[in-house]
Amino acid sequence: MEVGVMKIMPRQYLAIMRHEVLMLWHDTGLRHIMLWASLLGLCLFLLVYRSQAITAIPTAVLDLDHSSTSRQLVDQIANTENLNLVASVNSFDDLKFLIKAGRVIAGVVIPENYGRDLSLGRQTRILAIIDASNMIYATNASSTFLTVSRTISAQAGISTLVANGVQFNDAQDAYQTVDFQEEPWFNPALNYAYFLVLALALNIWQQCCTLAACMTVAGETGRDSWLQIRATGISRWSFFSGKALVQLVAFFLMALPIFLLSFLVLKSPLQCGFPVILLFTMTFALALQSLGAMMSSLARNPVDASRLGMIIALPSFVLSGYTWPIEAMPHWLQSLVWVLPQTWFFQGFNYLAFKNPGWGFISRYFLALLIIAGICYGVAAIAISLGNHGARRVES
Amino acid sequence: MRQIWAIASYEVLHIFKDRILTLMVFFVPILYALLFGTVYASGILTNIPLGIVDLDHSSLSREVADIFTNNQYFQVIPRVATYPELQAAMKTGAVRAGIVIPADFEKRVSEHQLSKALLIYDSSNLIWGYNIRRYARTLTNQFYMTHAAAYLSGLGFAGKNINNILDTVSLNMEIWYNPSLNYCNFLFAGLLLMIIHQIGLMGVSLTVTREKERHCWLHYLSSALPAWKIFIGKGLPYFLVTFFNYSLLLWFSTAFLNLKIEGSLGLILLLGLLFDLIITTAGFAISAYAQSSLTVTRFLLLLSVPIFLSSGFTWPAAYIPPLLNGLVRLLPYPWMADGFRLVTMKSLGAREIAPILIALAIMAILWVALAVSCAKRRQPTNIYRSQLATGFRRVGHRLTVIG
């Protein structure tokens, strides 16, 4: 008797797996989404972030002085890293118009008598205007102007000191004996493509996985196969694990080309090594599958399951703290966002790709994803036991 | 009018009968607004964890440490005191920036040699990276001024003279439209519009597919109702709900989530109406062409991230390839996001945003024309063709029974 059951179980298990493969493949919309959406997303984001960094902030200059000194300053601004001098205007209104229309992001106003005041050692003020409606431009522009400010101020100070009879070397020492060397770690070129492209593609991937996982139970309840599955008396463990295994393989096959393209072709940073990132991604895939299965078991039909799953999947990237840091969110939300598997994944992914902090640190991320998976499968199993999906089908 | 009212009432009934749809249409927008608004509530990074490795322990190195300690930008983490500790803390995210002051820092300065301190920052997240760089440059500029003043004092200059020399040329920075460089003002409005876009499309795009799946669309096709009445009747509830959500989210976000909204209220409403009209009509047209509710739900849900990121709302459009930019401009979201930002942040008027209004109006007209033309589409999809066949079989069966 016991030997008979042992023989039957693997067959049932294989049948569930084969059934799942067929179900995924015959669902044309889902098949296209799983095959193409993540790759298309990767290509799209690559195109969007092709230039990788903001290197030429459109800038206009209003030179009210028209002296040789002010022209020198204009040249200096034109040669400043990250600023791109695109216009020279004749009035403040013109500058204002260009900034309002978004044609320039920054403006520099050189006051009248700039050259004369400078040569007489009188105080003079240059105005730098930054359009901060787009913060990506604004943070770059303000950092650049801080450097420009220091350089201009030091040059003028040294000239004034020399004019006051101080030796040139002494004057230089006042401004230039200390230097702060900047060293951006983990992404030295401050490359937006490295920071965002793969993470955004993985965000699309996790949405696709959620959509597929949401069919685990709801995809069956609308079909005759659900009654067959119930009638066979197959255990919940076999049912979930059989389906989950097929879906996990599918998720892995979806993620693989994204990683290969990113790491081998596009040379995205990867500090931890390929096997570790794959293992971590598959642990996340398991958590996603469980989340989808849970949503699926709670929903009445595939449309509802997809909508419920996506209610979580859509905002999860913003909530994950991958872009806006979790530390900057309110305390109550900081605790809440760690409930989502996406938060553990995107945070862990950032650490593994850029920093590789070691197993001792990252193991908690694996563990958290496994715990979430366990809880979600548990809820799904209870929901199936308590729910009457089969009865609904019979009624219909 | 009564026919339109009847169809609209029937549609409202459907919305309320579908619990998930009711949830999505009435509850999810405000939930998402609350979540995103809370995420960006602070809007500015403060108290960034910083490690200071002072290998010099001199008065000059303490000056540097003081500058980086006494400000609202950074919070010094005292347990990080050596370079290996700083390395480890940077790797685990315990600190996001570090200052390393070498052992001979003050000695080199006193010997009139260039003395270098190291400023390290975490650029694995560029929001950290760019903001830390900006804050650090602000503070180092302060340090340079303090250091130069002390040096000049040592040369025998009096206080007033020192100020005059240091202030000979100064560059005053004026930040326009978002003076506090607040990320909430920058991003949140775009996310709100994306919520409206997605929830609006999600709701209305099921209006025809649902009828097809319940074999009820035949009633509309075979009725004497003109196409435009079907379209208006079915689209009206979603149009009203989307506009209600638009107004509600804007009010809620300004009242409770510190979203900065300036400019003409009339223009904001006009932009909202045009955007709403495009969403409703586009959703209806998609629904008429789509094979099933499941397909349309899946594909629409996946659109939000690609549209948002390629719209030029965050990453500047000038840095996106022109071909992609042109393609994205065929969608309403980039125009709406642009227009909304120009009105609410820059207080531009109708004349300045006329191209955006015209583009949205043209899109609205085209989508209305398409939606009306496909409201009684006679070329069914494969699935629908089979449903039609089932419908005809049923009618045939009934006729046989009656016969």
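Residues numbered from 1 in each chain as written. Chains lettered and ligands numbered in written order. Predicted model: local features only at pLDDT ≥ 70, side-chain atom pairs only at ≥ 80, totals over all residues.

## Structural notes on the overall build of chain B
Formally: Counting from the N terminus, the helices are the DSSP runs of H or I reaching at least four residues and the strands are the DSSP runs of E reaching at least two. The reference for a compact globule is 2.2 Å times residues^0.38; the radius of gyration itself is calculated from the C-alpha atoms. Counting other C-beta atoms within 10 Å of a residue's C-beta gives its exposure: the residue is buried at 20 or more, exposed at 12 or fewer, and partly exposed in between, where C-beta atoms are placed from the backbone.
Check the secondary structure of chain B and you find 18 helices and five strands. Its C-alpha atoms give chain B a radius of gyration of 30 Å, more than 25% over the compact-globule value 22 Å for 403 residues. In terms of its C-alpha atoms, chain B occupies a principal-axis envelope of roughly 115 × 50 × 40 Å. By residue count, 47% of the 403 residues in chain B fall in the buried class.

## Considering the overall build of chain A
Put simply, the rule reads: Here the contact rule is simple: place C-beta atoms from the backbone, and any two residues whose C-beta atoms are within 7 Å are in contact.
Across its full length, chain A carries 17 helices and five strands. The C-alpha radius of gyration of chain A comes to 30 Å, more than 25% above the 21 Å expected for a compact globule of 396 residues. Along the longest, intermediate and shortest principal axes, the C-alpha atoms of chain A span 105 × 45 × 40 Å. Counting all 396 residues of chain A, 48% fall into the buried class. At a minimum sequence separation of 6, the contacts of chain A that also span at least 24 residues come to 78%.

## So, the interface of chain B and chain A
In many reports, interface size means the accessible area that the parts give up when they come together. Selection criterion: Gly is placed with the polar residues, together with every amino acid not listed as nonpolar (Ala, Val, Leu, Ile, Met, Phe, Trp, Tyr, Cys and Pro) or charged (Asp, Glu, Lys and Arg). Two strands are counted as paired when DSSP detects at least two bridges linking them.
Counting residues at the interface gives 89 residues for chain B and 97 residues for chain A. When residues in the side of chain B that touches chain A are grouped by element, the largest group, 17 residues, is from helix α6 (residues 126-154) of chain B. Taken together, the residues of the side of chain B that touches chain A sort by class into 52 nonpolar, 25 polar and 12 charged. Direction of pairing for strand β4 (residues 124-131) of chain A relative to strand β5 (residues 169-176) of chain B: parallel, over a ladder of eight bridges. Its bridge partner being in β5 of chain B, Leu127 of chain A is matched across the sheet by Asn172 of chain B.

## With respect to the sheet that holds strand β3 (residues 106-110) of chain A
What counts here: Orientation is described by lines fitted to C-alpha atoms, with helices fitted over the stretch in contact, and by angles between N-to-C directions that extend from 0 to 180 degrees.
Taking strand neighbours across the sheet as the criterion, the five strands line up as β2(A)-β1(A)-β3(A)-β4(A)-β5(B) in an open arrangement whose pairing is mixed. Sheet topology places β2 (82-89) of chain A together with β5 of chain B at the edges, where each strand pairs with a single neighbour. Ignoring which end each strand starts from, the neighbouring axes of this sheet average 25° apart. Its contacts with the sheet put helix α3 (residues 68-78) of chain A on β1 (56-63), β2 and β3 of chain A, and the angle it makes with β1 of chain A is roughly 175°.

## With respect to helix α6 (residues 135-163) of chain A
Rules: Multiplying 1.5 Å by the residue count of a helix minus one yields the expected span of that helix.
Taking 1.5 Å per residue, 29 residues should reach 42 Å; α6 of chain A reaches 41 Å between its end C-alpha atoms and fits that length. Gly165 of chain A sits one or two residues past α6 of chain A and shows a positive phi near 95°.

## As for the sheet that holds strand β3 (residues 97-101) of chain B
Here we have five strands laid out as an open sheet, ordered β5(A)-β4(B)-β3(B)-β1(B)-β2(B), and mixed in their pairing. If you trace the sheet from one side to the other, it starts and ends with β5 (178-185) of chain A together with β2 (74-76) of chain B, each paired once. Put simply, the sheet's adjacent strands are angled 25° from each other on average, direction ignored. By the bridge criterion, four bridges tie β3 of chain B to strand β4 (residues 115-122) of chain B in an arrangement that is antiparallel. Opposite Gly98 of chain B, over in β4 of chain B, you have Ile120 of chain B as the bridge partner. Its contacts with the sheet place helix α3 (residues 59-69) of chain B against β1 (48-54), β2, β3 and β4 of chain B, and it is angled at close to 175° to β1 of chain B. Sheet strands in contact with helix α4 (residues 83-92) of chain B are β5 of chain A together with β1, β3 and β4 of chain B, and its direction is about 160° off that of β1 of chain B.

## Describing the domain arrangement of chain A
As a reminder of what qualifies: Domain ranges listed in this record stem from an automatic or a database domain assignment.
Split into domains, chain A comes out as domain 1 (2-49 + 191-395) and domain 2 (56-176). Each of domain 1 of chain A and domain 2 of chain A was reduced to a C-alpha centroid, and the two centroids are 53 Å apart.

## Considering the nonpolar core
So the rule is basically this: Note on terminology: a nonpolar core is any set of buried Ala, Val, Leu, Ile, Met, Phe, Trp, Tyr and Cys residues joined through C-beta atoms within 7 Å.
Counting 233 residues, the largest nonpolar core has Phe45 and Cys208 of chain A together with Ile278 and Leu360 of chain B as its most contacted members. Contact partners of Leu360 of chain B, with chain neighbours within four places excluded, come to Leu274, Phe275, Ile278, Pro332, Trp335 and Met336 of chain B. Core analysis: the second largest hydrophobic core is formed by 12 residues, Tyr175 of chain A together with Ala148, Tyr151 and Ile165 of chain B among them.

## Some thoughts on the domain arrangement of chain B
In terms of domain boundaries, chain B breaks down into domain 1 (2-40 + 182-398) and domain 2 (48-166). Between the C-alpha centres of domain 1 of chain B and domain 2 of chain B there is a distance of 52 Å.

## A short note on the environment of Asp276 of chain B
Residues and elements named next belong to chain B. Examined against the element boundaries, Asp276 turns out to sit in helix α12 (residues 265-289). Along the backbone, Asp276 and His197 are 79 residues apart, and their C-alpha atoms lie at a distance of 8.0 Å. Asp276 has contacts with Gly200, Phe239, Thr242, Phe243 and Tyr246, leaving out every residue within four places of it along the chain.

## What about the environment of Val53 of chain B?
All names here are of chain B. Considering the arrangement of structural elements, one finds Val53 in strand β1. Residue classification places Val53 among the buried positions, given that 22 C-beta atoms sit within 10 Å. Between the C-alpha atom of Val53 and that of Trp315, which follows or precedes it by 262 residues, the distance is 36 Å.

## Remarks on the pairing of β1 of chain A
Residues and elements named next belong to chain A. To be explicit about the condition: Whether a crossover is right-handed depends on one test, that the path from the first strand over the helix to the second runs clockwise when the strands point away from the viewer.
The buried fraction of β1 is high, at six of eight residues. Pairing analysis gives seven bridges linking β1 to β2, with the strands arranged parallel. Of the residues in β2, the one forming a bridge with Pro58 is Asn84. In this fold, the crossover linking β1 to β2 by way of α3 has right-handed handedness. Alignment of β1 against β3, held across five bridges, turns out to be parallel. Bridge pairing in β3 links Val61 to Val108.

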